Amino acid sequence: MNDGAPRLIAFDLDDTLAPSKSAIHPVMGRLLCALAGRIDVAIISGGSLEQFLVQVVDRLPEADAATLSSFHLLPACGTQYYRIGLAGVETVYARSLATDARAEAMAVVEEEARRLGLWETRPWGEIVEDRGSQVTFSALGQHAPVGAKSAWDPTGTKKNALRAAVAARLPELEVRSGGSTSVDITERGIDKAYGMKRLVEQTGIPLDDMLFVGDRLDVDGNDYPVLAMGVPCKAVAGWEDTAAFLRGLILRSGARDSTAG
């Protein structure tokens, strides 16, 4: 990239690279690989590794080993860290929340969701998921369609009420609003800012030389901790917005890469 440009760009996943729980568009795959041919590319999300694979990694176009090695995958807000090597996705580290803490978190979030009338009787998949380092509540189920999720709580009132109720009962854990219908529970101090700090440790690239791209940089959004720690950020309103930004960035970096069309 040109002088003054970021050495690493980190992206939120849902509603930044793709619609919630959906695969990236082929255009986004080509743009990400074109970018990774120039600088490091990270994805930080509260989602599971399985989501990263299904939504992004499995949808990337064919690329050389050097390009793929530029990807950093940080599910569960960076409590897990993976790279793409010759043998596929390789683990750098994977922290776990204590078994008893996960069990308590799963019980409490279900109890509070039922009490608040937010427990779906006919969900699309699991409502409460144990991700090892994180427990995630998805109000309509893990595989709910985008339209249903968008309509469930457009103001965030339901999700914020649940987050507050669960947080009051689990003061030793971090309870955060996640995506459009989700609440994430982790160790204290775990958010996307935590993931950015792990990127510094693993890459040696300072935060000032990074850029974070996300759709929820508002004060109540799950991307806000990155902005609050002083990392340069780019707000987007969906994957199409991200794609337009990347096209411009790649074009400014030099000759247009044939994979970025």
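Look up: the structure comes first, before these words.
What counts, and where the lines are drawn
Residues numbered from 1 in each chain as written. Predicted model: local features only at pLDDT ≥ 70, side-chain atom pairs only at ≥ 80, totals over all residues. Heavy atoms only, no water. Helix = DSSP H or I, 4+ residues; strand = E, 2+ residues; numbered from the N terminus. Buried < 20%, exposed > 50% of the residue type's maximum accessible area, 1.4 Å probe, protein only. Contact = heavy atoms within 4.5 Å. Areas by Shrake-Rupley, 256 points an atom, 1.4 Å probe, with all protein chains shown as cover. Lys, Arg positive; Asp, Glu negative; His and termini not counted. Charge placed at Lys NZ, Arg CZ, Asp CG, Glu CD. Pairing = 2+ DSSP bridges. Axes fitted to C-alpha atoms, helices over the stretch in contact; angles between N-to-C directions. Phe/Tyr/Trp six-rings, centres within 6.5 Å; stacked < 30°, edge-to-face > 60°. Lys NZ or Arg CZ within 6 Å of the ring centre and 35° of its normal.

Visitor: Provide a residue-level description of the overall build of the chain, including the pertinent values.
Guide: Counting its secondary structure elements, the chain contains nine helices and eleven strands. Summarising its shape, the C-alpha atoms of the chain cover approximately 60 × 35 × 35 Å along the three principal directions. The buried share of the chain, taken over its 261 residues, is 51%. In the chain, 62% of the contacts between residues at least 6 apart in sequence involve partners at least 24 apart. Accessible area for the chain stands at about 11100 Å²; split by element, carbon and sulfur atoms hold 50% of it. If you average the places of the 27 positive and of the 35 negative side-chain charges in the chain, the two averages end up 3 Å apart.

Visitor: Please give an account of the sheet that holds strand E7 (residues 135-138) that cites residues and values.
Guide: If you walk across this open sheet you meet the four strands as E6-E7-E9-E8, and the pairing is antiparallel. Where the open sheet ends on each side, the last strands, each with one partner, are strand E6 (128-130) and strand E8 (173-177). With strand direction ignored, the average angle separating the axes of adjacent strands in the sheet is 20°. The pairing of E8 with strand E9 (residues 182-187) spans five bridges and is antiparallel. Its bridge partner lying in E9, Ser177 is registered against Val183. Across the sheet, helix H4 (residues 99-115) lies against E6, E7, E8 and E9, angled at about 20° from E7, the strand it touches most. The strands that helix H6 (residues 157-169) touches are E7, E8 and E9; relative to E8, the one it contacts most, it runs at about 175°.

Visitor: Before we move on, could you go through the side chain of Ser48 and cite the residues and values that matter?
Guide: Position of Ser48 among the secondary structure elements: in the loop between strand E2 (40-44) and helix H2 (49-55). Given the relative accessible area of 10%, Ser48 is considered buried. Among residues more than four places away in sequence, those in contact with Ser48 are Pro75, Glu129 and Arg131.

Visitor: Residues and numbers for the packing of aromatic side chains, please.
Guide: Taken as a whole, this structure holds two aromatic pairs when the rule is applied. Here Tyr81 and Tyr93 contribute two aromatic rings whose centre-to-centre distance is 5.6 Å and whose plane-to-plane angle is 50°, an arrangement assigned as tilted. Taken together, the residues Tyr81 in strand E4 (residues 80-85) and Tyr93 in strand E5 (residues 88-94) connect sequence positions twelve residues apart. The pair formed by Tyr81 and Tyr93 is uniform in burial state, with each residue classed as buried. When the centroid spacing of 6.4 Å and the interplanar angle of 40° are considered together, the rings of Trp119 and Phe137 count as tilted. Of the two residues, Trp119 is situated in the loop between H4 and E6 and Phe137 in strand E7; the sequence distance between them amounts to 18 residues. What makes Phe137 buried here is its relative accessible area of 1%. For Arg198, the ring lying beneath its charged end belongs to Tyr194, and the centroid distance is 4.4 Å.

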